[in-house]
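Structural overview for review
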Amino acid sequence: MKKVRKILPLSIYDIPGIESWLEEQANAGLFPVYLDTWVTFTHDGVPGTRFRLEPLGKTGDTPTEDQLELYHHAEWQYALTVGDVYYLFYATDPNAVELYSDVNSRRLSLERLEQRVQRSHRACIVIYTLLAAAVIWALFFFKSKYDVQPDNLARLPLLLLSLFEPTVLLFLGAATFQWQQWRRNLRILQKTCQALKNGLIPPPSPGPSKKIVWEKIWTLVLIIPLLAVIVLEMFHFTPLEDIPLQNFQQPYIELQTLEQEPVLPWEELFDEPPFRGEAENVAEVRFSLLSPTWYSVQQNGYSPQSGKQPNAFSPKPEDGNYRYAPNLDMTCFSLLIPALARPAATAQLNEYRSVNLRWSYQDAAFPGLDFVILATNSRGVGEMAALGKDGRVAVFRYAGVEHLSDHLEQLADMVL
């Protein structure tokens with residue numbers, strides 16, 4: 001049988017509104033077989049059918065046999081369960097008696113629902129408070145015991161860029177619409193229960209609302225791509241990560257152009273995947289509304305000559321010597337707000353630094369650039385550089401025998 005689906009244009013706690021709306025659908029020949037954010041109907045509705053919502057009891061998602069029998073004697077039939085909130089009953093006999101004949105009995109029937117919602121409300125407040133506290137602690141107070149230069153505020157510019165990433169905006173947008181619906185639902189339930197406690201009939205339903213429909217549509221529109229991204233990441237199918245450099249189109253500084261001697265990728269030199277099983281010589285693309293261009297490139301090279309430099313780690317020592325193995329990491333930003341350029345650069349330098357080393361930062365000058373920051377560490381193991389012009393930023397981390405300060409003209413091409 002062909003079915004009709006409609007978005008529920010009412011708050012889930014607008015009991016008289018939902019009952020009245022379902023009766024209107026029955027008069028149009030539709031009968032509900034599913035009810036939640038949207039409602040599924042079949043075409044066997046009987047005009048004049050009445051519907052009543054009964055809060056779930058303690059017995060689960062179906063009414064008890066005694067309840068079914070009692071309602072059956074009163075000419076009411078069980079239709080379906082509405083989420084974890086109600087049982088839906090209906091009566092086609094116009095002479096069927098009402099399930100609740102007075103305000104007090106209706107108040108007692110809603111007390112269970114009110115208590116359950118209040119418990120859920122308190123639990124949500126506790127959970128979100130703990131999550132917020134954990135995030136604040138991690139961002140502003142956590143310090144690794146190995147970090148000799150802790151600076152929790154240094155990461156804030158990158159955090160700002162991350163907050164404007166599409167997936168984060170999708171989550172925040174969906175959460176905002178959900179919060180608006182939750183507030184409305186809670187307010188309606190509280191007003192209904194308070195009126196019943198005062199011996200009054202519940203306030204009238206505001207009726208179907210296009211605003212509620214659009215809120216639910218936008219929530220679905222935002223949640224579907226968000227869930228798709230989460231699933232892709234769970235299965236490690238992320239086309240913007242670990243992009244082989246031969247397939248990467250954005251500009252970057254090639255490691256070989258910094259080196260005096262030839263260096264080759266692991267696969268080319270040894271004709272096998274990297275022994276650590278980690279991707280090398282790859283790129284990762286990110287996107288933020290504050291930085292439409294944002295990508296990182298990771299490069300590792302290995303000298304064909306073994307034993308050239310004893311200070312570089314070798315995964316394949318030959319005759320007890322070490323193979324020279326430099327590496328270069330680079331992150332580029334194109335920021336829409338130029339004032340963020342230097343903060344983003346220093347934040348990325350902080351992201352790149354080895355936390356167990358003490359780093360020194362020095363400003364340098366180069367024609368045409370707004371800033372150049374050079375970073376060296378106490379042990380001379382690698383160095384970093386950050387360059388910026390207007391809203392364009394390039395940050396480098398290098399480990400090898402060369403010095404980035406000797407290649408500023410080449411590095412500056414990334415931002416000029």
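Located above this text is the structure these notes cover.
Reference entry: report on the structure contained in this document. (Residues numbered from 1 in each chain as written. Predicted model: local features only at pLDDT ≥ 70, side-chain atom pairs only at ≥ 80, totals over all residues. Heavy atoms only, no water.)

**Considerations on the overall build of the protein chain**
In terms of regular secondary structure, the protein chain is built from 9 helices and 14 strands. Its C-alpha atoms give the protein chain principal-axis dimensions of roughly 95 × 45 × 40 Å. Buried residues in the protein chain amount to 40% of all 416 residues. The contacts of the protein chain with a sequence gap of at least 6 include a subset with a gap of at least 24, amounting to 63%. Element-wise, carbon and sulfur atoms account for 58% of the exposed surface of the protein chain, whose accessible area totals about 23300 Å². In the protein chain, which carries 36 positive and 47 negative side-chain charges, the distance between the mean positions of the two groups comes to 10 Å. (Helix = DSSP H or I, 4+ residues; strand = E, 2+ residues; numbered from the N terminus. Buried < 20%, exposed > 50% of the residue type's maximum accessible area, 1.4 Å probe, protein only. Contact = heavy atoms within 4.5 Å. Areas by Shrake-Rupley, 256 points an atom, 1.4 Å probe, with all protein chains shown as cover. Lys, Arg positive; Asp, Glu negative; His and termini not counted. Charge placed at Lys NZ, Arg CZ, Asp CG, Glu CD.)

**Points about the packing of aromatic side chains**
The geometry of an aromatic ring pair is captured by two quantities: the separation of the ring centres and the angle between the planes. Summed over the entire model, instances satisfying the criterion amount to 13 aromatic pairs. Pairing Tyr78 with Phe89 gives two aromatic rings, centres 5.9 Å apart and planes at 65°, and the pair type is edge-to-face. Of this pair, Tyr78 sits in strand 5 (residues 77-82) while Phe89 is found in strand 6 (residues 86-91), placing the two residues 11 residues apart along the sequence. Taking the relative accessible area as the measure of exposure, Tyr78 reaches 28% and is therefore partly exposed. Taken together, the aromatic side chains of Tyr71, Tyr78, Tyr87 and Phe89 make up a single cluster linked through ring pairs. (Phe/Tyr/Trp six-rings, centres within 6.5 Å; stacked < 30°, edge-to-face > 60°.)

**Re the pairing of strand 3 (residues 38-42)**
Most of strand 3 sits inside the fold, with 4 of its 5 residues counted as buried. Summarising the sheet, strand 2 (residues 31-35) and strand 3 pair through 4 bridges and their orientation is antiparallel. If you follow Pro32 over to strand 3, its bridge partner there is Phe41. Counted along the chain from strand 2 to the antiparallel partner strand 3, the turn is 2 residues long. (Pairing = 2+ DSSP bridges.)

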